[in-house]
Amino acid sequence: DTEVTQTPKHLVMGMTNKKSLKCEQHMGHRAMYWYKQKAKKPPELMFVYSYEKLSINESVPSRFSPECPNSSLLNLHLHALQPEDSALYLCASSQPGQGASYNEQFFGPGTRLTVL
Amino acid sequence: AQKVTQAQTEISVVEKEDVTLDCVYETRDTTYYLFWYKQPPSGELVFLIRRNSFDEQNEISGRYSWNFQKSTSSFNFTITASQVVDSAVYFCALSEARAGYSTLTFGKGTMLLVSP
């Protein structure tokens, strides 16, 4: 299985809602990532988990709360979002190590989020 | 600091024309990886190729070819006999290994429009 899955595919939420995005991989990867991508822009890194521990938080507002319950699963909890948070949220995973076969990030299909 | 420059914001061609997408990168690391991703309107990032810094061999895959030149820090991508299905945004990216994860720096992307 060389796939990263993300649910839901689309999400519409109000500014007072609480929702969660889910990402799953069964490739045995130990690094997982959340990216945010606005239209016509490259993906921007939000968070990195390595061996289930948060390694990077790119100064993301606290209304985004990541969680890594186990090595296969990555969640992004959303609360009190703003309309400008509407974007495509991409999850990725990679296997840490040396050599060309490592470190490639495998991306999921993304969740398209609209905040009303 | 890493940097990836894709100077072409948008390219329009007519079907069957050849097109080259430019990518120039900057890094201080001696070991790094370069990638090209395709992002069609559906939003999913599709992996096209990975190249490590020690492998300067050019590669051809069907209508796609890549020219990696360390001397000019460039990793250009050519599509031969373009087709309408090639219309997408193409991102060049530079990856560096860290302890337990990798960092991925994207260029701003080149939007390719192929008209019939």
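Relevant structure appears above.
First things first, this report covers the structure right here in the doc. Here the structure is a predicted model, which is why all the values come from computation and not from measurement.

All names here are of chain A. Within the secondary structure, Gln6 is located in strand E1 (residues 4-7). In this structure the side chain of Gln6 is engaged in a polar contact, spanning 3.0 Å, whose partner is the backbone oxygen of Tyr89. Within the structure, the side chain of Gln6 is placed 3.0 Å from the backbone nitrogen of Cys91, a separation counted as a polar contact.

This brings us to the packing of aromatic side chains. Enumeration over the complete set of coordinates arrives at 19 aromatic pairs over all chains. Summarising the aromatic geometry, the rings of Tyr25 of chain B and Phe68 of chain B are spaced 6.3 Å apart at their centres and angled 45 degrees between planes, so their arrangement reads as tilted. You can see Tyr25 of chain B sitting in strand E4 (residues 24-26) and its partner Phe68 of chain B sitting in strand E8 (residues 64-69), a full 43 residues away along the chain. Note on accessibility: Tyr25 of chain B and Phe68 of chain B belong to one class, buried. A connected cluster of aromatic rings, assembled from ring pairs, spans Tyr33, Tyr35 and Phe107 of chain A together with Phe35, Tyr37, Phe47, Phe91 and Phe106 of chain B.

All right, on to the side chain of Gln6 of chain B then. Residue and element names in this part refer to chain B. Along the polypeptide, Gln6 turns up in the loop between strand E1 (3-5) and strand E2 (10-14). Here Gln6 falls in the buried class, since its relative accessible area comes to 7%. Looking at Gln6, its side chain comes within polar contact range of the main-chain nitrogen of Cys92, at 3.0 Å. At 3.1 Å, the side chain of Gln6 forms a polar contact with the backbone nitrogen of Gly109.

Below, the discussion takes up the state of the cysteines. This structure, assessed with the given rule, holds two disulfides over all chains. Here Cys23 of chain A is linked by a disulfide to Cys91 of chain A, with a sulfur-sulfur distance of 1.8 Å. Around the S-S axis, the bridge from Cys23 of chain A to Cys91 of chain A shows a dihedral of about -70 degrees and counts as left-handed. Taken together, the positions of Cys23 of chain A in strand E3 (residues 18-25) and Cys91 of chain A in strand E9 (residues 87-94) put the pair 68 residues apart, joining distant regions of the chain. Exposure remark for Cys23 of chain A: the relative accessible area of 1% places this residue in the buried category. For Cys91 of chain A, a relative accessible area of 0% puts it in the buried group. Covalently, Cys23 of chain B is tied to Cys92 of chain B through a disulfide, its sulfur atoms 2.0 Å apart. Between Cys23 of chain B and Cys92 of chain B, the disulfide has an S-S torsion of -65 degrees and is therefore left-handed. One end of the pair, Cys23 of chain B, is in the loop between strand E3 (19-21) and E4; the other, Cys92 of chain B, is in strand E10 (residues 88-98), with 69 residues separating them in the sequence. Each member of the pair, Cys23 of chain B together with Cys92 of chain B, is buried.

A few words now on the interface of chain B and chain A. Across the boundary between the two partners, chain B contributes 24 residues, which contact 27 residues of chain A. Taken together, both faces of the contact between chain B and chain A bury some 1,900 Å²; the carbon and sulfur share is 57%. Connecting chain B to chain A are one salt bridge. As a salt-bridge pair, Arg50 of chain B and Glu104 of chain A come within 2.6 Å of each other at their nearest N and O atoms. Elements that contribute at least two residues to the side of chain B that touches chain A include exactly strand E5 (33-39), strand E6 (46-52), E10 and strand E11 (101-106) of chain B. It is E11 of chain B that contributes the most residues to the side of chain B that touches chain A, five residues altogether. When its residues are assigned to classes, the side of chain B that touches chain A shows 12 nonpolar, nine polar and three charged.

Residue and element names in this part refer to chain A. Of note, the bond from Thr7 into Pro8 is cis; its omega dihedral lies within 30 degrees of zero at -10 degrees. Counting through the fold element by element, Pro8 comes out in the loop between E1 and strand E2 (10-13). The backbone phi angle of Lys40 is positive, close to 65 degrees, even though this residue is not glycine. For Lys40, the position within the fold is in the loop between strand E4 (31-37) and strand E5 (44-50). Accessibility expressed as a relative area gives 74% for Lys40, which makes it exposed. Even without a glycine there, the phi angle at Glu52 is positive, about 65 degrees. The topology assignment puts Glu52 in the loop between E5 and strand E6 (53-57). Overall, Glu52 belongs to the partly exposed group, its relative accessible area being 29%.

About the cut-offs
- Residues take numbers from 1 onward in each chain, read along the sequence in its written order.
- Each chain takes a letter, starting from A, and each ligand takes a number, starting from 1, following the order in which they are written.
- The predicted origin of the model limits local features to residues at a pLDDT of at least 70 and limits the giving and counting of side-chain atom pairs to 80 or more, whereas totals for whole chains, interfaces and linings rest on all residues.
- Note that water and hydrogens are dropped before the side-chain values are worked out from all heavy atoms of the structure.
- Only DSSP runs of H or I with at least four residues qualify as helices, and only runs of E with at least two residues qualify as strands; both kinds are numbered from the N terminus onward.
- Contacts described as polar in this section are N or O atom pairs within 3.5 Å, which, within protein, must combine one atom able to donate a hydrogen with one able to accept it, while residues neighboring in sequence count only if both atoms come from side chains.
- Here the aromatic set is Phe, Tyr and Trp, taking the six-membered ring for Trp, and pairing holds for ring centres within 6.5 Å; pairs whose planes are under 30 degrees apart are stacked, those over 60 apart are edge-to-face, and all others are tilted.
- Burial classification: accessible surface area is computed with a 1.4 Å probe over protein chains only, and a residue below 20% of its type maximum counts as buried, one above 50% as exposed, and the rest as partly exposed.
- The disulfide criterion is simple: two cysteine sulfur atoms within 2.5 Å.
- Note on contacts: a residue pair is in contact if any heavy atoms of the two residues lie within 4.5 Å.
- Buried area, as used here, totals the accessible surface that two parts lose on assembly, with accessibility defined by a 1.4 Å probe and the loss added over both.
- When a carboxyl oxygen of Asp or Glu is within 4 Å of a side-chain nitrogen of Lys or Arg, the pair counts as a salt bridge.
- Each residue is assigned to one class: nonpolar for Ala, Val, Leu, Ile, Met, Phe, Trp, Tyr, Cys and Pro, charged for Asp, Glu, Lys and Arg, and polar for all the others, Gly among them.

Without other data, these values stay purely geometric and don't point to any function.
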